[in-house]
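Take a look at the letters that make up each chain.
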Amino acid sequence: MRYLTAGETHGPQLTAIIEGLPSNLNVLAEDINFQLARRQKGYGRGLRMQIEKDTVQIVGGIRHGKTTGAPVALVVENRDWTHWTKVMSIEPVEEESEGKRRVSRPRPGHADLNGGLKYNQRDLRNILERSSARETTVRVAVGAIARAFLAEFGIKVAGQVIRIGDVEAVRQDLPIDELIRITEESPVRVADKDAEAKMVAAIDAAKADGDTLGGVVEVIIEGAPVGLGSHVQWDRKLDGRIAQAVVSIQAFKGVEFGIGFEAAQRRGSHVHDEILHSEDKGFERRTNRAGGLEGGMTTGEPIVVRGVMKPISTLYKALQSVDIDTKEVFTAQIERSDTCAVPAAGVIMENVVAWEVAQAFLDKFGGDSMEEIRRNYDSYLAQVKEY
Ligand code: EPS
């Protein structure tokens, strides 16, 4: 199973094609739209989110609410496109319009300069239009389908914001449904109420200074069976695949599982999870410091993964850069930006991690229809029970 996306932030639409979904999976546009709406929320977003109201159009692969096994094609329109039809015109334009909204001043922290040099583009708009985090819209739409698939097997996905700037939440160990309910009501998707107020204040303070804030988000996937992924080959290790997916989210710079980087400071006896067995529950771990993954495979415990998002690099508080035409030093100016997109990034991360787990699930129980996958899954569960 794989997918590709296309589309620019101020172009007409974002598009995704998913290949390899089994047939007979129930997919409703409203479930995808629910995820898209979650991504648009969050305290600290800028004016663009007031223009957009992201809604999916399913334009292939689904009939009467079910997949047919054919590639699924998804489209989300950019409402802002109406303001950019000339600048982003697909057809050639007359010369005087060509330079309109041309970008010659690369912003530090963005793809602008590297992309301009690499693709030999003198208008850096040709880089920033595609590197923009707007692209995550359609990745969330793809992830919504992965979630629908996982839900068929009782696998649940949740997320919580752990840090915004210097404010760290006290991690709440709540039942997953409770965690989903509480974070959904929070403007910063955090379960710790004290931290919530401090995070909102930190975003206000950064905004007043023309600055931006990053943070840490955590995703929890509960109900995945033991044995997704594999130890036998580097590119089949599920933690490796999840790490790649998380760091591929715009502005993400790091990833950790379970106790993560803290493991470096602890002795082994305080890192590894002891193994238990009982008649009714089978094998279990006493703790879940590994974050549900050992040897590149799921242990059957919840998958717990955190991603680090750097502060958004489009700053009102200008940083120094160099104009690509004149080679003169300047301090960058911008028109609009988000102050903090960490809550939205949490939703994006939930959806990209869900995709990786769904893909590993399909790798293991592969079949062309949901019925075939279910048979394979049930037979595997019986084998694990007998072990
Ligand atoms: C983004 C810049 C802003 C964000 C955008 C990502 O857009 P604009 O330049 O149009 O103001 O709002 O995020 C989205 C549009 C979105 O849907 O999340 C960037 O440069 O990455």
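In the block above lies the structure referred to throughout.
On a predicted model such as this, the values are computed, not experimentally measured, just so you know. (Residues numbered from 1 in each chain as written. Predicted model: local features only at pLDDT ≥ 70, side-chain atom pairs only at ≥ 80, totals over all residues. Heavy atoms only, no water.)

A. Structural view of the packing of helix α9 (residues 238-247) against helix α10 (residues 342-365). Between α9 and α10, whose axes approach to 9 Å, the crossing angle comes to 145 degrees. In terms of crossing hand, the pair formed by α9 and α10 is right-handed. Taking contact as the criterion, the partners of L238, R241, I242, A245 and V246 in α9 are, on α10, M349, V352, V353, E356, V357, Q359, A360 and D363. Partitioned by chemical class, the residues of the contact of α9 with α10 number 9 nonpolar, 1 polar and 3 charged. (Axes fitted to C-alpha atoms, helices over the stretch in contact; angles between N-to-C directions. Helix = DSSP H or I, 4+ residues; strand = E, 2+ residues; numbered from the N terminus. Left-handed = near helix turned anticlockwise from the far one by under 90°. Contact = heavy atoms within 4.5 Å. Nonpolar A, V, L, I, M, F, W, Y, C, P; charged D, E, K, R; others polar.)

B. Molecular detail of the side chain of T298. Position of T298 relative to the elements: it lies in strand β14 (residues 297-298). Look at T298 and you get buried, because its relative accessible area is 3%. Polar side-chain contacts of T298 include one of 2.7 Å to the backbone oxygen of P225. Within the local environment of T298, its side chain forms a polar contact with the backbone nitrogen of L228, the two atoms lying 2.7 Å apart. Non-local contacts of T298, meaning those with residues more than four positions away in its chain, are made with P225, V226, G227, L228, L238, G292, L293 and I303. (Buried < 20%, exposed > 50% of the residue type's maximum accessible area, 1.4 Å probe, protein only. Polar contact = N/O pair within 3.5 Å; in protein donor to acceptor, adjacent residues only side chain to side chain.)

C. Summary view of the layout of surface pockets. Volume-wise, the largest pocket comes out at about 1400 Å³. Together, 49 residues line the largest pocket, and R107, H110, L128, S132 and T314 are the ones closest to its centre. Contributing elements (two or more residues each) for the lining of the largest pocket: α2 (48-51), α5 (125-131), β10 (252-257) and α10. Its residues placed into classes, the lining of the largest pocket shows 20 nonpolar, 15 polar and 14 charged. If you add up the space inside the second largest pocket, you get close to 870 Å³. Surrounding the second largest pocket, 27 residues form its lining, V226, K281, F283, T299 and V384 being those nearest its centre. Elements supplying a minimum of two residues to the lining of the second largest pocket: β11 (275-278), β12 (282-285), β14 and α11 (370-386). Of the residues forming the lining of the second largest pocket, the biggest block, 6 residues, is contributed by α11. (1 Å grid on protein atoms, 1.4 Å probe; cavity = no way out; pocket = protein on both sides within 12 Å on 5 of 7 lines; lining within 4 Å. Points joined across faces, edges and corners; volume = space filled by probe spheres on them.)

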